[in-house]
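Structure assessment
Chain residues, written in single-letter form:
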Amino acid sequence: MKTFKGRTAVITGAASGFGLEASRIAAREGMNVVLADVQQDALDRAAAEIAALGAAVLPFRLDVSKAAEVEALSAATAARFGAPHLVFNNAGVGAGGLIWEATVKDWEWVLGVNVMGVVHGVRLFTPLMLAAAKNDAGYEGHIVNTASMAGLLSPPTMGVYNVSKHAVVTLSETLYQDLQLVTDQISASVLCPYFVPTGIVQSQRNRPAEMVDDKPPTKSQIIQQAMSEKAVGSGKVSAAQVAQFVFDAVAARRFYIYSHPNALGNVQTRMEDILQSRNPSDPFAQRPEVGAELRAALRAAG
Ligand SMILES: NC(=O)c1ccc[n+]([C@@H]2O[C@H](COP(=O)([O-])OP(=O)(O)OC[C@H]3O[C@@H](n4cnc5c(N)ncnc54)[C@H](O)[C@@H]3O)[C@@H](O)[C@H]2O)c1
């Protein structure tokens, strides 16, 4: 997509982190911005800030895991601005711990937001964009889905999140291929960030009451939460930089978007494991002390 000015961006998870930074860039580029998020107070603050930058803004509170709510978002977007040009399916949440300790509610919540949220965004916005492309030879559209490096790797104690993000990677790759079959005017990308300081480690703040378990977290879940807080909190690439990588990739029609290309060695190792039918490599090979500490903590009594 060569031009952003005067066009419309729909951004989910727009009230914090990558979504908020992407909304700031969209406004500075002269786009109309549809800010979609589940957290009302943060959404109100974001909408006021983005409007003050001079953008036409449509704030929309929704839970992206709910089909009817994303349907209402697409209808409201079409009514206000027509078909959007950039759709950033970015809202996401995390939950960790040993994979067999995740509850049904953990699975339903994380897969609901991270997978079905993207499914609904693709399902409801792509037809609007295809119709716009058919009616206007100058129309250009782009869909960006947020996965993670966890969509290309299988880090231990992050199973539910890994499953959700692997799904987003293949969904996005298939979307790209399917679009290539039917149009040259709309393309797709997948964002695979590594650890970046945002609100992601406080995802539980937006967990709906009906998705909360009536039991304390397990030892592995407590350990994983602390490890995530440390890894995300010490990330050196900022959310603003990642959002700029997204706009750069959209302008260049680049599919894979990475925050830390130097972390791709781990992906190569995984691919080599698969190709050589060798057992999964030690994820802590470069930092054995971290693996040793985690093993000791999980095996300790109590
Ligand atoms: N920060 C990282 O290190 C990192 C790494 C890899 C991938 N990601 C992914 O990046 C995306 C954005 O997360 P972030 O890091 O900016 O975190 P964040 O918590 O700062 O932002 C996520 C936003 O999504 C919103 N949200 C949560 N559940 C929602 C729902 N059901 N419906 C609508 N909105 C909802 C939250 O209110 C929040 O505003 C997520 O998909 C996350 O999995 C983050």
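This report concerns the structure included in the present document. (Residues numbered from 1 in each chain as written. Predicted model: local features only at pLDDT ≥ 70, side-chain atom pairs only at ≥ 80, totals over all residues. Heavy atoms only, no water.)

Looking at the ligand, there are 30 residues lining it, with Ser16, Asp37, Tyr161, Thr198 and Asn206 nearest. Note that a nitrogen atom of the ligand is positioned 3.0 Å from one of the backbone N or O atoms of Val64. In the environment of the ligand, an oxygen atom lies 2.8 Å from a nitrogen or oxygen atom belonging to the backbone of Val196. Burial of the ligand by the protein amounts to 98% of the accessible area it has alone, namely 820 Å². Those elements that place two or more of their residues in the shell around the ligand are helix H1 (17-28) and helix H5 (159-182). Each residue belonging to the shell around the ligand can be placed in one class, and the counts come to 15 nonpolar, 11 polar and 4 charged. (Near = heavy atom within 4 Å. Polar contact = N/O pair within 3.5 Å; in protein donor to acceptor, adjacent residues only side chain to side chain. Areas by Shrake-Rupley, 256 points an atom, 1.4 Å probe, with all protein chains shown as cover. Helix = DSSP H or I, 4+ residues; strand = E, 2+ residues; numbered from the N terminus. Nonpolar A, V, L, I, M, F, W, Y, C, P; charged D, E, K, R; others polar.)

This part is about the packing of helix H6 (residues 219-233) against helix H9 (residues 288-299). Between H6 and H9, whose axes approach to 10 Å, the crossing angle comes to 150 degrees. Classified by the angle between their axes, H6 and H9 sit roughly antiparallel to one another. Like other packed secondary-structure pairs, H6 and H9 cross with a definite hand, here right-handed. Between H6, through Lys219, Ser220, Ile223 and Met227, and H9, the contact on the second element is made entirely by Leu294, Ala297 and Leu298. The class makeup of the residues in the contact of H6 with H9 is 5 nonpolar, 1 polar and 1 charged. (Axes fitted to C-alpha atoms, helices over the stretch in contact; angles between N-to-C directions. Parallel < 35°, antiparallel > 145°, perpendicular 65-115°, else oblique. Left-handed = near helix turned anticlockwise from the far one by under 90°. Contact = heavy atoms within 4.5 Å.)

On to the pattern of salt bridges, then. Under the defined criterion, the tally for this structure stands at 8 salt bridges. Measuring nitrogen to oxygen at the nearest pair gives 2.6 Å for the salt bridge that ties Glu140 to Arg7. Residue Glu140 is located in the loop between helix H4 (104-135) and strand S5 (141-146), and its partner Arg7 is located in the segment before strand S1 (8-12); the two are separated by 133 residues in the primary sequence. We classify Arg7 as buried; its relative accessible area is 12%. (Salt bridge = Lys/Arg side-chain N within 4 Å of Asp/Glu carboxyl O. Buried < 20%, exposed > 50% of the residue type's maximum accessible area, 1.4 Å probe, protein only.)

Taken in spatial order, the 7 strands line up as S3-S2-S1-S4-S5-S6-S7 in an open sheet, and their pairing is parallel. In this open sheet, the two edge strands, each paired with only one partner strand, are strand S3 (57-61) and strand S7 (256-258). Strand-to-strand twist of the sheet, defined as the mean angle between neighbouring strand axes without regard to direction, takes the value 15 degrees. By the bridge criterion, 3 bridges tie strand S6 (residues 186-192) to S7 in an arrangement that is parallel. Paired with Val190 across the bridge in S7 is Tyr256. Sheet strands in contact with helix H2 (residues 40-52) are strand S2 (32-37) and S3, and its direction is about 175 degrees off that of S3. (Pairing = 2+ DSSP bridges.)

Turning next to the side chain of Thr8. Inspection of the secondary structure assignment puts Thr8 in strand S1. Aside from chain neighbours lying at most four places away, what touches Thr8 is Met31, Asn32, Val34, Phe81, Pro84, His85 and Leu86.

Residue Thr157 is not a glycine yet carries a positive backbone phi of 60 degrees. One can find Thr157 in the loop between S5 and H5. Here Ser277, not a glycine, exhibits a phi torsion of approximately 50 degrees, which is positive. Locating Ser277 in the fold gives a position in the loop between helix H8 (264-275) and H9. The class of Ser277 is exposed, set by a relative accessible area of 66%.

Another point: a nonpolar patch on the surface. Judged by side-chain polarity, Ile99, Trp100 and Val163 come together as a nonpolar surface patch covering roughly 330 Å² of accessible area. Position of Val163 relative to the elements: it lies in helix H5. According to the relative accessible area criterion, Val163 is partly exposed, its value standing at 38%. (Patch = residues over 30% accessible without salt bridge, like charges linked within 9 Å, V, L, I, M, F, W, Y side chains within 5 Å.)

What follows deals with the pairing of S5. Of all 6 residues in S5, 6 are buried; the element is thus mostly enclosed. Of the two faces of S5, both are covered, the one formed by Gly141, Ile143 and Asn145 as well as the one formed by His142, Val144 and Thr146. As defined by bridge partners, strand S4 (residues 86-89) adjoins S5 across 4 bridges and the pair is classed as parallel. Paired with Val87 across the two strands is Ile143, which belongs to S5. In this view, the connection linking S4 to its parallel neighbour S5 by way of H4 has right-handed handedness. Taken together, the 6 bridges between S5 and S6 define a ladder with parallel strand orientation. Within the sheet, the bridge partner assigned to Thr146 lies in S6 and is Leu191. For the segment spanning S5, H5 and S6, crossover handedness is right-handed. (Right-handed = clockwise from strand over helix to strand, strands pointing away.)

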